[in-house]
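Chain residues, written in single-letter form:
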Amino acid sequence: MFNVLPDNLKQEIKKQYGARRFVVILNFIIFIQIFTLIAFFPSWVTSFYNQKEAASVVAESEDALLIEEVEELSSQIQSINKKLEIIKKTQTGFSPTQTLDSIIEQKSPSILINEFTFNKSTNNQVTITLTGSAGERESLLTFIKKLESSKLFDKVDSPISNFTKDRNISFSLFLTMKISNEK
């Protein structure tokens, strides 16, 4: 029957057939997309709420970490304040920083102070122990004489072992000073 039709009608039928094929393919593609959206919708909803829940858990954990850090800093500050209170109670007329500053003023560049410790006894006497190193024996002697002449210390003791070497001397000095009860 198709052979009986004239050529212009055959062309027209082929165009309509192509258009119908295009419409069927287009409908099939649209159907697949709609089916895919419907199939993935539950997964999308689940992942959306899982993401929100994970974000809230992360925010809570960050807040918990922040609170923990604040508490740790607070406890460190309280510990430092307690130590400062102890130092204030023991300071009656004695300031470690001022004493250390006056000692540092007396030293020469070849003297290095490594450690500074002080002990307060019950009879208002403070013993300061200085350890360090000196480049030469003469600079150590000069340092000791300056400390003795400063009138800040009642007694400056230097063990004889400090003078056994001529250079690169590791030394220990024991300084004693009386403190007043006035604040």
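Residues numbered from 1 in each chain as written. Predicted model: local features only at pLDDT ≥ 70, side-chain atom pairs only at ≥ 80, totals over all residues. Heavy atoms only, no water.

A. The environment of serine 56, seen in detail. Looking at the element boundaries, serine 56 is found in helix H1 (residues 7-90). A distance of 2.7 Å separates the side chain of serine 56 from the backbone oxygen of glutamate 53, its partner in a polar contact. (Helix = DSSP H or I, 4+ residues; strand = E, 2+ residues; numbered from the N terminus. Polar contact = N/O pair within 3.5 Å; in protein donor to acceptor, adjacent residues only side chain to side chain.)

B. Spatial organisation of helix H3 (residues 137-149). Here H3 is 13 residues long and its end C-alpha atoms lie 18 Å apart, about the 18 Å a rise of 1.5 Å per residue gives. Downstream of H3 by one or two residues, lysine 151 has phi in the positive range, about 60°. (Expected span 1.5 Å × (residues − 1).)

C. Highlighting the nonpolar core. Core analysis: the biggest nonpolar cluster contains 18 residues, and Ile103, Leu140, Phe143, Leu147, Phe153, Leu173 and Leu175 have the highest contact counts within it. Elements with a contribution of two residues or more to this core: strand S2 (125-136), H3 and strand S4 (167-178). Looking at which element gives the most residues to this core, the answer is S4, with five residues. Leaving out residues up to four positions away in the same chain, phenylalanine 143 has contacts with Ile103, Gln106, Lys107, Ile111, Ile113, Leu130 and Leu173. (Core = buried A, V, L, I, M, F, W, Y, C linked by side-chain atoms within 4.5 Å. Buried < 20%, exposed > 50% of the residue type's maximum accessible area, 1.4 Å probe, protein only. Contact = heavy atoms within 4.5 Å.)

D. Here's a closer look at a nonpolar patch on the surface. Taken together, the side chains of Phe22, Val23, Leu26, Ile30, Ile34 and Ile38 present a nonpolar region at the surface, about 560 Å² in accessible area. Here phenylalanine 22 is to be found in helix H1. Judged by relative accessible area, phenylalanine 22 falls into the exposed class, the value being 54%. (Patch = residues over 30% accessible without salt bridge, like charges linked within 9 Å, V, L, I, M, F, W, Y side chains within 5 Å. Areas by Shrake-Rupley, 256 points an atom, 1.4 Å probe, with all protein chains shown as cover. Salt bridge = Lys/Arg side-chain N within 4 Å of Asp/Glu carboxyl O.)

E. Layout of the pattern of salt bridges. Tallying each qualifying case throughout the model produces three salt bridges. The residue glutamate 136 makes a salt bridge to arginine 167 at a minimum N-O spacing of 3.1 Å. In this pair, glutamate 136 sits in strand S2 while arginine 167 sits in strand S4, placing the two residues 31 residues apart along the sequence.

F. Structural detail: the packing of aromatic side chains. Tallied over the entire structure, the rule returns five aromatic pairs. Ring centres 5.4 Å apart and planes at 80° place the aromatic pair phenylalanine 48 and tyrosine 49 in the edge-to-face group. Three or more aromatic residues joined by ring pairs make a cluster, and in this case those are Phe41, Trp44, Phe48 and Tyr49. (Phe/Tyr/Trp six-rings, centres within 6.5 Å; stacked < 30°, edge-to-face > 60°.)

G. Region of interest: helix H2 (residues 96-106). Taken as a whole, H2 has its buried residues at Pro96, Thr99, Ser102 and Ile103. Projected down its long axis, H2 shows its buried positions confined to an angular sector of 130°, all on one face. When the buried face of H2 is taken as reference, the exposed residues oriented beyond 90 degrees from it are Thr97, Gln98 and Glu105. On its buried face, H2 sits against strand S1 (111-120), S2, H3 and S4. (Arc of directions from axis to C-beta.)

H. Here's a closer look at the environment of isoleucine 32. Take isoleucine 32: it is sitting in helix H1. By relative accessible area, isoleucine 32 is classed as partly exposed at 37%. Remark: the alpha-carbon pair of isoleucine 32 and glutamate 60, spanning 28 residues in sequence, is separated by 42 Å.

I. How the structure looks around the pairing of S4. Bridge analysis of S2 against S4 gives 11 bridges, and the strand direction is antiparallel. The residue bridging serine 133 from the neighbouring strand is serine 170, located in S4. (Pairing = 2+ DSSP bridges.)

J. Geometry of a negative patch on the surface. Among the surface-exposed residues, Glu68, Glu69, Glu71 and Glu72 lie close enough to one another that they form a single negatively charged patch. Along the chain, glutamate 72 turns up in helix H1. (Lys, Arg positive; Asp, Glu negative; His and termini not counted. Charge placed at Lys NZ, Arg CZ, Asp CG, Glu CD.)

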